[in-house]
Amino acid sequence: MDELTERDRLLLLEQTKDPATIHALESLPLLETWRCLEIGAGAGSIAHWLGERCPQGHVIAADIDTRNLDPHRSPNVEGQEVDISTHTFAPSSFDLIHARAVLCHLPARDEILARALEWLAPGGWLLVEDVYTLPVGSSPYTAMNHYAAAARHAAQARGADMQWGSKIPGILATLGFGNVTAESQLRLVGTGGALDELWRINLQQAGRHLVRDGHLAQNDLDACLALLDDPNFTDIRYIGITARGQKLPA
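Residues numbered from 1 in each chain as written. Predicted model: local features only at pLDDT ≥ 70, side-chain atom pairs only at ≥ 80, totals over all residues. Heavy atoms only, no water.

A. Just the sheet that holds strand β1 (residues 35-39), in detail. Reading across the sheet, the 7 strands line up as β3-β2-β1-β4-β5-β7-β6 and stay open at both edges, with mixed pairing between neighbours. Edge strands, defined here as strands with exactly one partner in the open sheet, are β3 (77-81) and β6 (178-189). With direction set aside, neighbouring strand axes in the sheet form an average angle of 15 degrees. (Pairing = 2+ DSSP bridges. Helix = DSSP H or I, 4+ residues; strand = E, 2+ residues; numbered from the N terminus. Axes fitted to C-alpha atoms, helices over the stretch in contact; angles between N-to-C directions.)

Listed below in C-alpha coordinates is the structure:
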(Lines give C-alpha, C1' and ligand atoms only; values in the text may rest on other atoms or scores of the structure.)
Protein backbone atom coordinates (compact mmCIF):
# COMPACT_ATOMS: atom_id res chain seq x y z
CA MET A 1 0.00 0.00 0.00
CA ASP A 2 1.28 3.48 -0.87
CA GLU A 3 0.36 5.61 2.12
CA LEU A 4 0.86 8.80 0.11
CA THR A 5 -2.05 7.93 -2.16
CA GLU A 6 -4.15 5.65 0.06
CA ARG A 7 -6.37 8.41 1.42
CA ASP A 8 -6.87 9.73 -2.11
CA ARG A 9 -7.88 6.20 -3.16
CA LEU A 10 -10.35 5.90 -0.29
CA LEU A 11 -11.92 9.27 -1.09
CA LEU A 12 -12.27 8.33 -4.76
CA LEU A 13 -13.80 5.02 -3.69
CA GLU A 14 -16.37 6.97 -1.71
CA GLN A 15 -17.03 9.37 -4.57
CA THR A 16 -17.59 6.60 -7.11
CA LYS A 17 -19.39 4.03 -4.95
CA ASP A 18 -21.29 5.86 -2.22
CA PRO A 19 -24.38 6.67 -4.33
CA ALA A 20 -24.95 2.99 -5.20
CA THR A 21 -24.17 1.92 -1.63
CA ILE A 22 -26.64 4.39 -0.15
CA HIS A 23 -29.26 3.28 -2.67
CA ALA A 24 -28.73 -0.34 -1.59
CA LEU A 25 -28.87 0.54 2.10
CA GLU A 26 -32.08 2.52 1.60
CA SER A 27 -33.65 -0.59 0.08
CA LEU A 28 -33.51 -2.12 3.57
CA PRO A 29 -36.02 -1.32 6.33
CA LEU A 30 -33.55 0.86 8.24
CA LEU A 31 -34.70 1.92 11.69
CA GLU A 32 -33.32 4.80 13.76
CA THR A 33 -32.39 2.34 16.51
CA TRP A 34 -30.36 -0.09 14.41
CA ARG A 35 -26.97 -1.29 15.59
CA CYS A 36 -24.64 -1.41 12.57
CA LEU A 37 -21.26 -2.90 11.73
CA GLU A 38 -19.30 -1.41 8.83
CA ILE A 39 -16.54 -3.85 7.80
CA GLY A 40 -13.63 -2.12 6.08
CA ALA A 41 -14.76 1.39 6.98
CA GLY A 42 -12.00 3.15 5.02
CA ALA A 43 -12.40 6.93 5.36
CA GLY A 44 -15.77 6.43 7.02
CA SER A 45 -18.37 8.01 4.74
CA ILE A 46 -20.83 5.11 4.93
CA ALA A 47 -20.28 4.56 8.66
CA HIS A 48 -21.10 8.22 9.29
CA TRP A 49 -24.08 8.08 6.92
CA LEU A 50 -25.40 5.16 8.96
CA GLY A 51 -24.74 7.14 12.13
CA GLU A 52 -26.96 9.93 10.85
CA ARG A 53 -29.59 7.52 9.52
CA CYS A 54 -29.70 5.56 12.81
CA PRO A 55 -29.35 8.37 15.38
CA GLN A 56 -30.69 6.27 18.25
CA GLY A 57 -28.51 3.32 17.30
CA HIS A 58 -24.80 2.67 17.23
CA VAL A 59 -22.29 2.10 14.43
CA ILE A 60 -19.00 0.23 14.72
CA ALA A 61 -16.61 1.27 11.96
CA ALA A 62 -14.16 -1.62 11.80
CA ASP A 63 -10.94 -1.53 9.80
CA ILE A 64 -7.46 -2.96 10.09
CA ASP A 65 -6.18 0.63 9.78
CA THR A 66 -8.34 3.42 11.22
CA ARG A 67 -5.99 6.35 10.54
CA ASN A 68 -8.34 7.70 7.89
CA LEU A 69 -11.39 7.71 10.18
CA ASP A 70 -12.43 10.94 11.93
CA PRO A 71 -13.19 9.86 15.51
CA HIS A 72 -15.04 13.10 16.33
CA ARG A 73 -17.38 13.38 13.35
CA SER A 74 -20.37 11.40 14.68
CA PRO A 75 -21.13 10.74 18.35
CA ASN A 76 -22.66 7.31 17.72
CA VAL A 77 -19.91 6.01 15.39
CA GLU A 78 -17.12 4.07 17.07
CA GLY A 79 -13.94 3.26 15.19
CA GLN A 80 -12.40 -0.10 16.02
CA GLU A 81 -9.01 -1.15 14.64
CA VAL A 82 -9.47 -4.89 14.23
CA ASP A 83 -8.61 -7.70 11.85
CA ILE A 84 -12.04 -8.92 10.84
CA SER A 85 -10.53 -12.26 9.78
CA THR A 86 -9.89 -13.16 13.41
CA HIS A 87 -11.98 -10.71 15.43
CA THR A 88 -15.37 -11.72 16.76
CA PHE A 89 -18.46 -10.03 18.15
CA ALA A 90 -21.12 -11.34 20.49
CA PRO A 91 -24.08 -13.14 18.92
CA SER A 92 -27.01 -10.91 17.89
CA SER A 93 -24.91 -7.73 18.24
CA PHE A 94 -26.13 -6.06 15.04
CA ASP A 95 -29.21 -5.31 12.98
CA LEU A 96 -27.10 -4.50 9.90
CA ILE A 97 -23.66 -5.60 8.72
CA HIS A 98 -22.20 -3.98 5.60
CA ALA A 99 -18.95 -4.69 3.77
CA ARG A 100 -17.74 -3.03 0.57
CA ALA A 101 -14.72 -3.91 -1.58
CA VAL A 102 -12.90 -5.71 1.22
CA LEU A 103 -13.87 -9.37 1.66
CA CYS A 104 -12.58 -10.56 -1.72
CA HIS A 105 -9.08 -9.68 -0.48
CA LEU A 106 -9.33 -11.86 2.64
CA PRO A 107 -8.66 -15.62 2.61
CA ALA A 108 -11.22 -16.08 5.41
CA ARG A 109 -14.03 -14.35 3.43
CA ASP A 110 -16.43 -17.32 3.47
CA GLU A 111 -15.90 -17.85 7.19
CA ILE A 112 -16.53 -14.14 7.83
CA LEU A 113 -19.93 -14.44 6.15
CA ALA A 114 -20.74 -17.41 8.38
CA ARG A 115 -19.73 -15.50 11.50
CA ALA A 116 -21.69 -12.47 10.30
CA LEU A 117 -24.83 -14.60 10.44
CA GLU A 118 -24.10 -15.25 14.13
CA TRP A 119 -23.40 -11.57 14.82
CA LEU A 120 -26.76 -10.53 13.38
CA ALA A 121 -29.88 -10.36 15.47
CA PRO A 122 -32.88 -12.28 14.10
CA GLY A 123 -34.38 -10.22 11.30
CA GLY A 124 -31.06 -8.40 10.72
CA TRP A 125 -29.50 -7.83 7.31
CA LEU A 126 -26.11 -8.46 5.70
CA LEU A 127 -25.24 -6.30 2.69
CA VAL A 128 -22.05 -7.16 0.78
CA GLU A 129 -20.64 -5.22 -2.17
CA ASP A 130 -17.75 -6.81 -4.01
CA VAL A 131 -16.34 -7.44 -7.46
CA TYR A 132 -16.21 -9.95 -10.24
CA THR A 133 -13.04 -9.13 -12.16
CA LEU A 134 -13.35 -10.14 -15.78
CA PRO A 135 -11.17 -13.07 -16.94
CA VAL A 136 -7.69 -12.52 -18.36
CA GLY A 137 -7.99 -11.93 -22.08
CA SER A 138 -11.35 -10.15 -21.86
CA SER A 139 -9.82 -6.77 -22.69
CA PRO A 140 -9.09 -5.68 -26.28
CA TYR A 141 -5.93 -3.98 -24.93
CA THR A 142 -2.82 -6.17 -24.69
CA ALA A 143 -1.31 -4.20 -21.82
CA MET A 144 -4.51 -4.51 -19.78
CA ASN A 145 -4.52 -8.27 -20.30
CA HIS A 146 -0.89 -8.45 -19.16
CA TYR A 147 -1.78 -6.43 -16.07
CA ALA A 148 -4.82 -8.63 -15.40
CA ALA A 149 -2.70 -11.78 -15.59
CA ALA A 150 -0.13 -10.36 -13.19
CA ALA A 151 -2.79 -9.11 -10.78
CA ARG A 152 -4.55 -12.48 -10.79
CA HIS A 153 -1.29 -14.28 -9.98
CA ALA A 154 -0.55 -11.90 -7.12
CA ALA A 155 -4.11 -12.15 -5.78
CA GLN A 156 -4.04 -15.93 -5.76
CA ALA A 157 -0.67 -15.90 -3.99
CA ARG A 158 -2.07 -13.84 -1.11
CA GLY A 159 -5.30 -15.81 -0.89
CA ALA A 160 -7.55 -13.23 -2.55
CA ASP A 161 -10.30 -14.07 -5.04
CA MET A 162 -11.13 -11.16 -7.33
CA GLN A 163 -13.99 -13.12 -8.92
CA TRP A 164 -15.57 -13.95 -5.57
CA GLY A 165 -18.44 -11.49 -6.01
CA SER A 166 -20.41 -13.88 -8.20
CA LYS A 167 -20.34 -16.50 -5.44
CA ILE A 168 -21.81 -14.35 -2.68
CA PRO A 169 -25.55 -14.98 -3.27
CA GLY A 170 -25.04 -18.75 -3.33
CA ILE A 171 -22.88 -18.66 -0.21
CA LEU A 172 -25.51 -16.63 1.64
CA ALA A 173 -28.25 -19.05 0.65
CA THR A 174 -26.12 -22.05 1.65
CA LEU A 175 -25.40 -20.51 5.06
CA GLY A 176 -29.11 -20.13 5.74
CA PHE A 177 -29.72 -16.47 4.99
CA GLY A 178 -33.20 -15.74 3.72
CA ASN A 179 -34.51 -13.18 1.23
CA VAL A 180 -31.26 -13.31 -0.74
CA THR A 181 -31.10 -10.91 -3.69
CA ALA A 182 -28.31 -9.49 -5.85
CA GLU A 183 -27.66 -6.82 -8.47
CA SER A 184 -24.71 -6.13 -10.73
CA GLN A 185 -23.24 -3.04 -12.37
CA LEU A 186 -20.63 -2.82 -15.12
CA ARG A 187 -17.67 -0.63 -14.24
CA LEU A 188 -16.55 1.24 -17.35
CA VAL A 189 -13.19 3.03 -17.40
CA GLY A 190 -12.05 5.45 -20.07
CA THR A 191 -14.94 7.87 -19.71
CA GLY A 192 -13.04 10.40 -17.60
CA GLY A 193 -13.87 11.46 -14.07
CA ALA A 194 -13.44 9.90 -10.67
CA LEU A 195 -13.64 6.25 -11.74
CA ASP A 196 -10.69 6.71 -14.09
CA GLU A 197 -8.71 8.38 -11.32
CA LEU A 198 -9.55 5.53 -8.96
CA TRP A 199 -8.37 3.04 -11.57
CA ARG A 200 -5.19 5.10 -12.07
CA ILE A 201 -4.35 4.98 -8.37
CA ASN A 202 -5.11 1.24 -8.26
CA LEU A 203 -2.76 0.73 -11.22
CA GLN A 204 -0.05 2.84 -9.61
CA GLN A 205 -0.28 1.19 -6.20
CA ALA A 206 -0.62 -2.42 -7.32
CA GLY A 207 1.44 -2.06 -10.49
CA ARG A 208 4.49 -0.83 -8.61
CA HIS A 209 4.51 -4.02 -6.53
CA LEU A 210 3.83 -6.25 -9.52
CA VAL A 211 6.79 -4.77 -11.39
CA ARG A 212 9.01 -5.00 -8.32
CA ASP A 213 8.15 -8.68 -7.85
CA GLY A 214 8.74 -9.52 -11.51
CA HIS A 215 5.10 -10.28 -12.40
CA LEU A 216 4.64 -7.33 -14.77
CA ALA A 217 6.94 -5.48 -17.16
CA GLN A 218 7.35 -1.77 -16.54
CA ASN A 219 6.45 -0.99 -20.14
CA ASP A 220 3.10 -2.79 -19.69
CA LEU A 221 2.34 -0.74 -16.59
CA ASP A 222 3.31 2.44 -18.41
CA ALA A 223 1.07 1.44 -21.33
CA CYS A 224 -1.90 0.85 -19.00
CA LEU A 225 -1.45 4.27 -17.41
CA ALA A 226 -1.08 5.90 -20.83
CA LEU A 227 -4.39 4.39 -21.93
CA LEU A 228 -6.18 6.43 -19.28
CA ASP A 229 -4.97 9.57 -21.06
CA ASP A 230 -6.06 8.31 -24.48
CA PRO A 231 -9.43 9.89 -25.45
CA ASN A 232 -10.25 6.78 -27.50
CA PHE A 233 -9.78 4.34 -24.61
CA THR A 234 -12.80 2.54 -23.14
CA ASP A 235 -12.75 -0.76 -21.28
CA ILE A 236 -14.77 -2.83 -18.81
CA ARG A 237 -12.44 -4.11 -16.13
CA TYR A 238 -14.83 -5.58 -13.58
CA ILE A 239 -18.45 -5.98 -12.55
CA GLY A 240 -19.66 -4.68 -9.22
CA ILE A 241 -21.96 -7.09 -7.35
CA THR A 242 -24.27 -6.17 -4.49
CA ALA A 243 -25.82 -9.01 -2.51
CA ARG A 244 -28.04 -8.98 0.55
CA GLY A 245 -29.51 -11.55 2.86
CA GLN A 246 -31.57 -11.58 6.04
CA LYS A 247 -31.14 -13.62 9.19
CA LEU A 248 -34.53 -15.24 9.51
CA PRO A 249 -36.20 -15.37 12.92
CA ALA A 250 -35.85 -18.73 14.63
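B. Region of the structure containing the pairing of strand β5 (residues 120-133). Burial analysis of β5 places 10 of its 14 residues in the buried class, the great majority of the element. Bridge analysis of strand β4 (residues 94-100) against β5 gives 6 bridges, and the strand direction is parallel. Within β5, the position partnered with R100 by the bridge is E129. A crossover links β4 with its parallel partner β5, the connecting element being helix α3 (residues 109-119), and its sense is right-handed. (Buried < 20%, exposed > 50% of the residue type's maximum accessible area, 1.4 Å probe, protein only. Right-handed = clockwise from strand over helix to strand, strands pointing away.)

C. Broad picture of the packing of helix α6 (residues 194-212) against helix α7 (residues 218-227). Where α6 contacts α7, the two axes come as close as 10 Å, and the packing angle between them is 180 degrees. Considered as vectors, α6 and α7 are oriented roughly antiparallel to each other. Contact residues: R200, L203, Q204, G207, R208 and V211 in α6; Q218, L221, C224 and L225 in α7. (Parallel < 35°, antiparallel > 145°, perpendicular 65-115°, else oblique. Contact = heavy atoms within 4.5 Å.)

D. Spatial organisation of the packing of aromatic side chains. Applying the stated criterion across every chain yields a total of 4 aromatic pairs. Judged by centre distance (5.1 Å) and plane angle (85 degrees), the rings of F89 and W119 are edge-to-face. With F89 in the loop between β3 and β4 and W119 in helix α3, the pair connects residues that are 30 residues apart, well separated along the chain. The residues F89 and W119 share a single accessibility class, namely buried. Members of the aromatic cluster, connected to one another through ring pairs, are F89, F94 and W119. (Phe/Tyr/Trp six-rings, centres within 6.5 Å; stacked < 30°, edge-to-face > 60°.)

E. Structural view of the environment of H72. Tracing the backbone through its elements, the reader meets H72 in the loop between β2 (58-63) and β3. Considered as a pair, H72 and L37 are 35 residues apart in the sequence and their alpha carbons are 18 Å apart.

F. A look at the nonpolar core. One finds L37, I97, L103 and L126 to be the most contacted residues of the largest nonpolar core, which totals 53 residues. In terms of residues, this core owes the most to one element, α6, which gives 7 residues. Setting aside anything within four residues of it in sequence, one finds I97 in contact with L37, I39, A116, W119, L120, W125, L126 and L127. Judged by nonpolar contacts, the second largest core, of 19 residues, contains L25, L28, A61 and L69. (Core = buried A, V, L, I, M, F, W, Y, C linked by side-chain atoms within 4.5 Å.)

G. Focus on the environment of Y238. Inspection of the secondary structure puts Y238 in strand β7 (residues 235-246). Here the alpha-carbon distance between Y238 and A108, two residues 130 residues apart in the chain, equals 22 Å. In contact with Y238, not counting residues within four places along its chain, are K17, V131, Y132, T133, L134, Q185, L186, R187 and L195.

Geometric values such as these leave the question of function open.
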